[in-house]
Amino acid sequence: PDDGFNLRFAQGSTADPDITAMAIQALAPYYRNSTFNVKDPVDKALDCLSKLQLDTGDFRSWGTRNSESVSQIIVSLCSIGVDPQNDPRFIKNGINLLDALFYYQQEDGGFAHSYESDPSNPSAIPGESDSIATDQALLALVAVWRQAQSSRMCSTASGDIWPKRSKSSMRG
């Protein structure tokens, strides 16, 4: 009903930002291919994500504000060529998605899962660096960097992760 995606199929279920972002990533290779007709559902999912975004620039997933949702949405936007820093749909109160992500960065350089206690993720200590949150933040930052370099995403439908190198470029 809200044009997003969720793990639940129950009537009345609302969109989850993580699952919606992951669905966009899965559909990204077909986004500009009219044969598969996914542009309209992806565009509706983007509108849904924009509505789910909080005034603080981040998102709640399963009831908790968290960095991983921001990371997943950054990756999903980059996967279809949308600029996560400048797209007006994803700027709330002057805060873009990268601003929201860096809100979670800790003094040690890592990223916290959340500043709130998360009953669904008891191993994540509020306000402390978390390995999963940091991994996802780094993936999001690589996606932004690759988009700025006009490079492909890290993961593509063809299975290539990085551009192929010639043997001569691999030698010291």
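A quick note: this is a predicted structure, and the numbers were derived from the prediction, not measured.

Peer 1: An account of the overall build of the protein chain is needed here, citing residue identities and associated values.
Peer 2: What the protein chain contains, in helices and strands, is six helices and two strands. When the helices and strands of the protein chain are listed from N to C terminus, the series reads α-α-β-β-α-α-α-α. Looking at the 172 residues of the protein chain, the share that counts as buried comes to 41%. Looking at the protein chain alone, contacts between residues at least 24 apart form 55% of all its contacts between residues at least 6 apart.

Peer 1: Explain the nonpolar core to me, and be specific about the residues and the numbers.
Peer 2: With 29 residues, the main nonpolar core has I74, I80 and L97 as its most contacted residues. For this core, the elements supplying multiple residues, two or more each, are α1 (17-27), α2 (39-52), α3 (67-79), α4 (97-102) and α5 (131-148). The element contributing the most residues to this core is α3, with six residues.

Peer 1: Give me the packing of aromatic side chains: which residues, what numbers.
Peer 2: The tally for this structure, following the rule as stated, stands at five aromatic pairs. With 5.6 Å between their ring centres and 20° between their planes, Y104 and Y115 make a pair best called stacked. Taken as a pair, Y104 in the loop between α4 and α5 and Y115 in the loop between α4 and α5 lie far apart in primary sequence, 11 residues in all. Using a relative accessible area of 37% as the deciding quantity, one classes Y115 as partly exposed. Among the aromatic residues, those joined into a ring-pair cluster are Y103, Y104 and Y115.

Peer 1: Hey, could you go over the confidence of the model for the protein chain for me, with residue numbers and the actual values?
Peer 2: Per-chain confidence: the protein chain averages 87 in pLDDT, with 85% of residues scoring 70 or above. No element of the protein chain has a lower mean pLDDT than helix α6 (residues 167-170), at 45, and none a higher one than α4, at 98. Confidence drops under a pLDDT of 50 for residues 156-172, and excluding neighbours within four residues, the segment shows 15 contacts in the predicted structure.

Peer 1: Help me get a handle on α1, residues and values and all.
Peer 2: Along α1, the positions that sit buried rather than exposed are P17, D18, I19, T20, A21, A23 and I24. Buried residues in α1 make contact with α2, β1 (59-61) and α3.

Peer 1: Can you break down α3 residue by residue, with the values?
Peer 2: Over its 13 residues, α3 runs 18 Å from end to end, which matches the ideal 18 Å to within 8%, given 1.5 Å per residue. Of all 13 residues that make up α3, 13 are buried, and the element is covered over most of its length. Where α3 ends, the next residue or the one after it, G81, has phi of about 85°, a positive value.

Peer 1: For unusual backbone geometry, give the residues involved together with the corresponding values.
Peer 2: A positive phi angle is found at N37, which is not glycine, with a value near 55°. Its location among the elements puts N37 in the loop between α1 and α2. At W62, a position not held by glycine, the phi torsion is positive, near 55°. Secondary-structure assignment places W62 in the loop between β1 and β2 (64-66).

Peer 1: Summarise the side chain of N66; cite the residues concerned and give the values.
Peer 2: By the secondary structure assignment, N66 is in strand β2. Separated by 2.9 Å, the side chain of N66 and the backbone oxygen of T64 make a polar contact. Only 2.8 Å separates the side chain of N66 from the backbone nitrogen of S69, close enough to count as a polar contact. Apart from the residues within four sequence positions on either side, N66 is in contact with F59, R60, S61, Y104, H113 and S114.

Peer 1: Before we move on, could you go through the pattern of salt bridges and cite the residues and values that matter?
Peer 2: A complete count under the given rule lists five salt bridges for this structure. Between D58 and R65 there is a salt bridge; the shortest N-O distance is 2.9 Å. For the pair shown, D58 and R65 are each scored as buried. Note that D87 is salt-bridged to R89, the shortest N-O span being 2.8 Å. Classification of D87 by relative accessible area gives buried; the value is 13%. Classification of R89 by relative accessible area gives partly exposed; the value is 26%.

Rules and cut-offs
Residues numbered from 1 in each chain as written. Predicted model: local features only at pLDDT ≥ 70, side-chain atom pairs only at ≥ 80, totals over all residues. Heavy atoms only, no water. Helix = DSSP H or I, 4+ residues; strand = E, 2+ residues; numbered from the N terminus. Buried < 20%, exposed > 50% of the residue type's maximum accessible area, 1.4 Å probe, protein only. Contact = heavy atoms within 4.5 Å. Core = buried A, V, L, I, M, F, W, Y, C linked by side-chain atoms within 4.5 Å. Phe/Tyr/Trp six-rings, centres within 6.5 Å; stacked < 30°, edge-to-face > 60°. pLDDT = per-residue confidence, 0-100. Expected span 1.5 Å × (residues − 1). Polar contact = N/O pair within 3.5 Å; in protein donor to acceptor, adjacent residues only side chain to side chain. Salt bridge = Lys/Arg side-chain N within 4 Å of Asp/Glu carboxyl O.

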